[in-house]
There are 2 protein chains.
Amino acid sequence: MKNKKFSADDQALLEDIMLHRRDVRGNHFLPDLLTDNEIEKILHAASLAPSVGFSQPWEFVIVRDKHVKKKIVASFSTENKQAKAIFSDTRQQVYATLKLEGILEAPVNIAVFYKPSTAPVLGQNTMVEAGEYSVVCAIQNMWLMARAMNIGLGWVSILNPEHVKDILQAPADNKLVAYLCLGYVDAFFAVPELETLQWEKRKIIESVVYCERYPEK
Amino acid sequence: MKNKKFSADDQALLEDIMLHRRDVRGNHFLPDLLTDNEIEKILHAASLAPSVGFSQPWEFVIVRDKHVKKKIVASFSTENKQAKAIFSDTRQQVYATLKLEGILEAPVNIAVFYKPSTAPVLGQNTMVEAGEYSVVCAIQNMWLMARAMNIGLGWVSILNPEHVKDILQAPADNKLVAYLCLGYVDAFFAVPELETLQWEKRKIIESVVYCERYPEK
């Protein structure tokens, strides 16, 4: 048993890292390469994440090759055209001005997959999504560690996961959870870009917290 | 733009918090109550998580009432009986000895829901799970902040989400992502219990990392 005690200063530092973490896109990545040691440190943070039944159901594909990246960008472009069309006129105009990925600009991309276990997993019988959720916990660890290393990370979700699987020759059973872009940045935004643009407002935490149960309607 | 620089010491502290984070069950929670300030600090960490299109699609129900908790425990017990049956003979025996939740023992439970947006969300058209994944990022922030506050957290996944929704009167569209138990602990395990018991082995990170693409079969 380990009773390591953290202090109020430690809590403040953790909050500071969380507060300064941003989703970084291609207009802010610098071309500086990341070293293998830097990537290992970020992947080590992933490996420290919780996982249902200690299943550690994560796999990572590190992409640096421009030919591979260009295929991923092509998938993004196809999906992004369709995505834009979902929004109404004025929002479409704003949408068109946004840089939403940094696949080519970031020196390193990491595709993160969920690999389902072939054997039963403790805790994953009634809520089967717990496997994927474990992978997301690993990604959040990576994101925080990257920020603490002053490295930016952007999560590209405007992709067809099946296309990405084909490009990366992923096993049929694997599920793409995230496609991440990593690299040093010219600067981190002080607040999220979509907050600055008033695309969405920041929610007051009290507005999403209930006590004991939701109120009856 | 904010260019806050973190140091090697800051990175080491973050790694230390990740390294000492554990899934805590009912045999290690102390009855000490958590203050409103402590809960607010943990929920504030949640609110600092990334979310697709800055949608912040999370809702939290804080449960302290024993009557509510007992209904949740009943759901766990039903599901846990079925879960145990999945494992083969020797594993079933180990499974039966494990304490897998701390619903009654932990002074505070927090049910975490994903609330789908009624309007289109930027970045959530092709990978619709990005909404739920945002909620999981918030949960991982809570877990790390709780550990930094020397508070234990356990994620109970052996539950029927529809039963939990009924008990908490959750809106039909909401999805239960996690049911968390929080409280001070007698001690944190030095390593995960399932690792100590050799239920699963810790994976070597190199065994789950590929370069450029998966190898051809």
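Residues numbered from 1 in each chain as written. Chains lettered and ligands numbered in written order. Predicted model: local features only at pLDDT ≥ 70, side-chain atom pairs only at ≥ 80, totals over all residues.

Draft legend 1. Looking closely at the overall build of chain A. Within chain A, the regular secondary structure consists of seven helices and five strands. Its helices and strands taken in sequence order, chain A reads α-α-β-α-α-β-α-β-α-β-α-β from the N to the C terminus. Against the 2.2 N^0.38 benchmark of 17 Å for 217 residues, chain A shows a C-alpha radius of gyration of 19 Å, consistent with a compact globule. Expressed as lengths along the three principal axes of its C-alpha atoms, the size of chain A is roughly 50 × 40 × 40 Å. Burial statistics for chain A: of 217 residues in total, 46% are counted as buried. Sequence-distant contacts in chain A: of pairs separated by 6 or more residues, those separated by 24 or more amount to 86%. (Helix = DSSP H or I, 4+ residues; strand = E, 2+ residues; numbered from the N terminus. Rg over C-alpha atoms; globule rule 2.2 N^0.38 Å. Buried ≥ 20, exposed ≤ 12 C-beta atoms within 10 Å, placed from the backbone. Contact = placed C-beta atoms within 7 Å.)

Draft legend 2. Fine view of the sheet that holds strand β3 (residues 152-156) of chain A. Pairing is mixed in the open sheet, where five strands are placed in the order β3(A)-β4(A)-β2(A)-β1(A)-β5(B). Of all the strands in the sheet, just β3 of chain A together with β5 (209-211) of chain B have a single pairing partner and so form its edges. Looking at each pair of strands side by side, their axes are set apart by 25° on average, direction ignored. Bridge count for β3 of chain A against strand β4 (residues 175-183) of chain A is five bridges, and the pairing is antiparallel. Residue pairing in the sheet places Trp155 of chain A in a bridge with Leu180 of chain A of β4 of chain A. (Pairing = 2+ DSSP bridges. Axes fitted to C-alpha atoms, helices over the stretch in contact; angles between N-to-C directions.)

Draft legend 3. Broad picture of the packing of helix α2 (residues 36-47) of chain A against helix α5 (residues 130-148) of chain A. Residue and element names in this part refer to chain A. At their nearest, the axes of α2 and α5 sit 7 Å apart, and the two run at 140° to each other. Put simply, α2 runs oblique to α5. For the pair α2 and α5, the sense of crossing is right-handed. Two secondary-structure elements touch here, α2 through Lys41, Ile42, Ala45 and Ala46 and α5 through Ala138, Asn141, Met142, Met145 and Ala146. Its residues placed into classes, the contact of α2 with α5 shows seven nonpolar, one polar and one charged. (Parallel < 35°, antiparallel > 145°, perpendicular 65-115°, else oblique. Left-handed = near helix turned anticlockwise from the far one by under 90°. Nonpolar A, V, L, I, M, F, W, Y, C, P; charged D, E, K, R; others polar.)

Draft legend 4. Local environment of the relation of the copies chain B and chain A. After a rotation of 180° and a shift along the axis of 0.0 Å, chain B superposes on chain A with an RMSD of 0.0 Å. Look at the turn and shift together and you get a two-fold axis relating the two. Interface overlap between copies: 100% of the residues of chain B at the interface are likewise at the interface in chain A, consistent with a symmetric, same-surface contact. (Least-squares fit on C-alpha atoms with pLDDT ≥ 70 in both.)

Draft legend 5. Structural context of the environment of Met149 of chain B. Among the structural elements, Met149 of chain B can be located in the loop between α5 (130-148) and β3 (152-156). For Met149 of chain B, a count of 21 C-beta atoms within 10 Å gives the class buried. When residues no more than four places from it in sequence are discounted, the contact partners of Met149 of chain B are Gln11 of chain A together with Glu38 and Lys41 of chain B.

Draft legend 6. Representation of the confidence of the model for chain A within the structure. On average, chain A scores 96 in pLDDT, and the residues at 70 or more come to 99%. With pTM at 0.98, the complex prediction returns an ipTM value of 0.98. (pLDDT = per-residue confidence, 0-100.)

Draft legend 7. The arrangement of the interface of chain B and chain A in detail. With 89 residues of chain B in contact, the opposing surface of chain A contributes 89 residues. Elements supplying a minimum of two residues to the side of chain B that touches chain A: α1 (8-20), α2 (36-47), β1 (58-63), α3 (66-85), α5, α7 (193-196) and β5 of chain B. If you tally residues by element for the side of chain B that touches chain A, the top one is α5 of chain B, at 10 residues. Its residues placed into classes, the side of chain B that touches chain A shows 54 nonpolar, 19 polar and 16 charged. Pairing between strand β1 (residues 58-63) of chain A and β5 of chain B: three bridges, direction parallel. Within β5 of chain B, the position partnered with Val61 of chain A by the bridge is Tyr210 of chain B.

Draft legend 8. Spatial organisation of unusual backbone geometry. For Glu212 of chain A, which is not a glycine, the phi torsion comes out positive at approximately 70°. As for its position among the elements, Glu212 of chain A is in the segment after β5 (209-211). If you check the backbone angles, Gln198 of chain B has positive phi at about 55° while not being a glycine. When you line up the elements, Gln198 of chain B lands in the loop between α7 and β5. On the basis of neighbour count, Gln198 of chain B is assigned to the exposed category, with 8 C-beta atoms found within 10 Å.

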